[in-house]
Amino acid sequence: PFLYVQLANMNRHSDEPRDYDGWAVLRDSQTALLETVPAVGMASAIDIGEWNNAHPLNKREVGRRLYQAARAVAYGEDALASGPILREMKRDGTSLRLSYDYAPTGLMTSGNAPVNSFAVSDASGRWQWAKARIEDGGIVVDLTGIDRPARLQYAWQANPEANLYNREGLPAIPFNVQIPE
């Protein structure tokens, strides 16, 4: 077994979504290991980083998340190994319905705030923030007013304001994916 911590949020927050962010691309590569390499576990630190330091000060929470992954990956226990990971996305009129793995009892936001950090690009590559809400154990993203939606992202920047969690308190894993026709 091999366990690792996904890169924490760091650097200055951007008020505008963008297609490319080097820190987000590195995080995505770390997430890809979960699907391609056997016996690995990842603890996300997307929500506990410091803007000016790659190493989160909250070591206790990083350790707790690693322990959760270790219980499942290294010790074979029936434990939740990760925060929510996008499983499936379906078009539903002017909405996208997202379902997640690693959210057995549902999703929540920190402080019961509205879901944030979702963005959509149109066919020309122009990004804008998207309204999203928790519904029926998943996420519904509103595509109203977006001409030919092409890509969807969540927490896709160096220091996002990521606030989506499973009910067990593990943060959702960032992504940037193509929207199905």
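Up top is the structure.
Residues numbered from 1 in each chain as written. Predicted model: local features only at pLDDT ≥ 70, side-chain atom pairs only at ≥ 80, totals over all residues. Heavy atoms only, no water.

Engineer: In this structure, what is going on with the sheet that holds strand β7 (residues 127–129)? I would like to understand it.
Structural biologist: What the four strands build is an open sheet, ordered β7-β6-β10-β12; its pairing is antiparallel. This sheet does not close on itself; its edge strands, each paired only once, are β7 and β12 (175–178). Direction aside, neighbouring strands of the sheet carry axes that sit 25° apart on average. (Pairing = 2+ DSSP bridges. Helix = DSSP H or I, 4+ residues; strand = E, 2+ residues; numbered from the N terminus. Axes fitted to C-alpha atoms, helices over the stretch in contact; angles between N-to-C directions.)

Engineer: Looking at this structure, how should I read the pattern of salt bridges?
Structural biologist: Two side chains of opposite charge can pair, provided their charged atoms sit close to one another. Enumeration over the complete set of coordinates arrives at 11 salt bridges. Residue Asp 92 is joined to Arg 97 by a salt bridge in which the shortest nitrogen-to-oxygen separation is 2.9 Å. Relative accessible area serves as the criterion here: at 40%, Asp 92 is assigned to the partly exposed category. Given the relative accessible area of 33%, Arg 97 is considered partly exposed. (Salt bridge = Lys/Arg side-chain N within 4 Å of Asp/Glu carboxyl O. Buried < 20%, exposed > 50% of the residue type's maximum accessible area, 1.4 Å probe, protein only.)

Engineer: Looking at this model, I keep getting lost on the side chain of Ser 82. Mind explaining?
Structural biologist: By the element assignment, Ser 82 lies in the loop between α2 (59–73) and β3 (85–92). The class for Ser 82 is buried, based on a relative accessible area of 6%. Apart from the residues within four sequence positions on either side, Ser 82 is in contact with Tyr 102, Asn 166, Leu 170 and Ile 173. (Contact = heavy atoms within 4.5 Å.)

Engineer: Got a minute to help me understand the packing of aromatic side chains in this structure?
Structural biologist: The relation between two aromatic rings is expressed through the spacing of the ring centres and the mutual angle of the planes. Overall, the coordinates contain four aromatic pairs when judged by the stated rule. Put simply, the rings of Phe 118, Tyr 154 and Phe 175 touch in pairs and so form one group of aromatic residues. Above the face of the Trp 51 ring, Arg 12 is positioned so that its terminal group lies 4.4 Å from the ring centre. (Phe/Tyr/Trp six-rings, centres within 6.5 Å; stacked < 30°, edge-to-face > 60°. Lys NZ or Arg CZ within 6 Å of the ring centre and 35° of its normal.)

Engineer: Would you take a moment to explain the nonpolar core for this structure?
Structural biologist: One broad trend across soluble globular proteins is that nonpolar side chains are buried collectively. Of all hydrophobic cores here, the largest spans 24 residues; its most connected members are Leu 98, Tyr 100, Phe 118, Ile 139, Val 141 and Leu 152. Residue assignment for this core shows that the elements contributing at least two residues are β4 (95–101), β6 (118–122), β9 (138–142) and β10 (149–154). In terms of residue count, β4 provides more of this core than any other element does, three residues in total. The contact partners of Tyr 100, leaving out residues within four places of it in the chain, are Pro 84, Ile 85, Leu 86, Arg 87, Leu 107, Phe 118, Ile 139, Leu 164 and Phe 175. Counting five residues, the second-largest nonpolar core is a separate cluster that includes Tyr 4, Val 40, Met 42 and Ile 173. (Core = buried A, V, L, I, M, F, W, Y, C linked by side-chain atoms within 4.5 Å.)

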